[in-house]
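Structure at a glance
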Amino acid sequence: MTGSRITALGHYQPATVLTNEDIAALVDTSDEWIRTRVGIETRHRAADDEPVDELAAHAGAKAIASAGLTPQDIGLVLVATSTAIDRSPNMAARVAARLGMESPAVMDLNVVCAGFTHALATADHAVRAGAAERVLVIGADKMTAITDWSDRTTCVLVGDGAGAAIVEADPLGVDDQNGDGGHRPGIGPVLWGSVPSMGHAVRIEGSPPRFAQEGQTVYRWATTQLPPIARKVCERAGVLPEELAAVVLHQANLRIIEPLAQKIGAVNAVIARDVVESGNTSAASIPMALAKLVERGEISTGDPVLLFGFGGNLSYAGQVIRCP
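Here's a quick rundown of the structure. Predicted model only: the values in this text are computed from it and were never measured.

**Notes on the overall build of the chain**
- When you go through the chain residue by residue, the secondary structure sums to 11 helices and 14 strands.
- Against the compact-globule benchmark of 20 Å for 324 residues, the chain has a radius of gyration of 18 Å, which places it among compact chains.
- Dimensions of the chain, computed from C-alpha atoms along their principal axes, come out at roughly 60 × 45 × 40 Å.
- Expressed as a percentage of the 324 residues in the chain, the buried residues total 56%.
- Looking at the chain alone, contacts between residues at least 24 apart form 74% of all its contacts between residues at least 6 apart.

**Let's talk about the layout of surface pockets**
- Computed from the structure, the largest pocket encloses a volume of approximately 510 Å³.
- If you trace the largest pocket, you find 28 residues lining it, with Val 38, Leu 157, Gln 213, Gly 215 and Asn 253 closest to the centre.
- For the lining of the largest pocket, the secondary-structure elements that each account for two or more residues are helix H2 (31-38), helix H6 (152-155), strand S9 (202-205), strand S10 (210-213), helix H7 (215-224), helix H9 (254-264) and strand S13 (304-311).
- Counting residues per element, the lining of the largest pocket draws most heavily on H7, at 4 residues.
- Across the lining of the largest pocket, the residue classes tally to 15 nonpolar, 10 polar and 3 charged.

**Looking at the environment of Ile 74**
- Within the secondary structure layout, Ile 74 lies in the loop between helix H3 (52-66) and strand S4 (76-80).
- A relative accessible area of 5% places Ile 74 in the buried class.
- Considering only alpha carbons, one finds Ile 74 and Ile 166, 92 residues apart in sequence, at a separation of 8.7 Å.
- Those residues within four positions of Ile 74 in sequence are excluded, and the remaining contacts are Ile 64, Leu 69, Met 101, Pro 104, Arg 134, Val 135, Leu 136 and Ile 166.

**Focus: the pairing of S4**
- Counting buried residues along S4, 5 of its 5 residues qualify, which places the element largely inside the surrounding structure.
- Burial of S4 is two-sided: the residues Leu 76, Leu 78 and Ala 80 facing one way and the residues Val 77 and Val 79 facing the other way are all buried.
- Inspection of the sheet shows S4 paired to strand S5 (residues 105-109) by 5 bridges, in the parallel sense. Note on S5: the bridge partner recorded for Val 79 is Asp 108.

What counts, and at which threshold
- Residues numbered from 1 in each chain as written.
- Predicted model: local features only at pLDDT ≥ 70, side-chain atom pairs only at ≥ 80, totals over all residues.
- Heavy atoms only, no water.
- Helix = DSSP H or I, 4+ residues; strand = E, 2+ residues; numbered from the N terminus.
- Rg over C-alpha atoms; globule rule 2.2 N^0.38 Å.
- Buried < 20%, exposed > 50% of the residue type's maximum accessible area, 1.4 Å probe, protein only.
- Contact = heavy atoms within 4.5 Å.
- 1 Å grid on protein atoms, 1.4 Å probe; cavity = no way out; pocket = protein on both sides within 12 Å on 5 of 7 lines; lining within 4 Å.
- Points joined across faces, edges and corners; volume = space filled by probe spheres on them.
- Nonpolar A, V, L, I, M, F, W, Y, C, P; charged D, E, K, R; others polar.
- Pairing = 2+ DSSP bridges.

Written out as structure tokens, the structure reads:
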């Protein structure tokens with residue numbers, strides 16, 4: 001039998017940093033107001049001539065190098081994004097071209113803020129089915145390009161960036177890592193779904209497209225409906241919440257992340273709070289936050305980590321992974 005695992009990570013953020021004071025110069029807000037309500041201090045903004053696929057390619061190149069691979073070793077490229085303006089070539093094909101790949105399968109997934117965890121599950125399924133041996137999975141978004149900078153309810157939230165993971169085959173039943181004659185896969189079973197009737201709560205619509213949301217609706221849904229779903233993710237992986245080494249939730253808002261993590265019951269886990277310095281980067285938020293935890297040595301190889309994305313479409317997807 002074959003499972004899959006994440007073998008390397010990479011992330012990228014544009015050089016320009018916007019502080020809360022910078023935002024306060026654009027709309028009627030303040031550093032105190034932003035910190036109090038969403039917990040964000042800074043965010044990164046891509047230049048006008050820095051497209052989503054460039055952000056994604058930087059993160060992807062780092063992940064490939066970290067895995068000790070070359071672009072030609074990748075058989076499938078998956079890019080989760082909701083800020084691609086052009087339809088074709090898709091973001092995955094553009095990334096593959098930037099990285100000099102010759103003939104990978106290329107697909108985009110638009111599940112907004114839950115995009116990376118959906119894409120990671122898709123990569124896991126492709127490897128398990130024998131359709132791919134090595135997959136480059138990227139979450140990348142340029143949220144500042146779809147933001148109304150006169151709307152203080154949304155412009156204080158957003159940032160740009162990309163995070164990437166290499167997913168490779170992981171034979172099962174070879175190592176007795178958990179004492180039962182086999183070992184748990186590096187990427188556990190996904191639990192995913194949505195609330196289509198409430199999809200209007202998070203929107204990217206219009207021409208030009210603009211991001212809008214019903215903040216209180218999203219807050220209530222995330223903090224009341226998602227905790228039991230996240231606990232179910234742990235159950236499917238055979239991991240108790242208190243056994244988690246880290247919890248990496250979609251970095252939407254610190255006032256959502258902290259109560260959600262507490263209700264999951266991960267009392268011994270490091271809680272990713274990258275939103276404080278990066279803002280809400282949509283599909284990029286989970287892989288960026290995970291990559292930074294690994295870089296800083298806050299979690300170790302083999303540690304169980306809960307990844308849980310949620311947001312647009314009021315969709316969600318989560319899995320427990322083993323830290324690369």
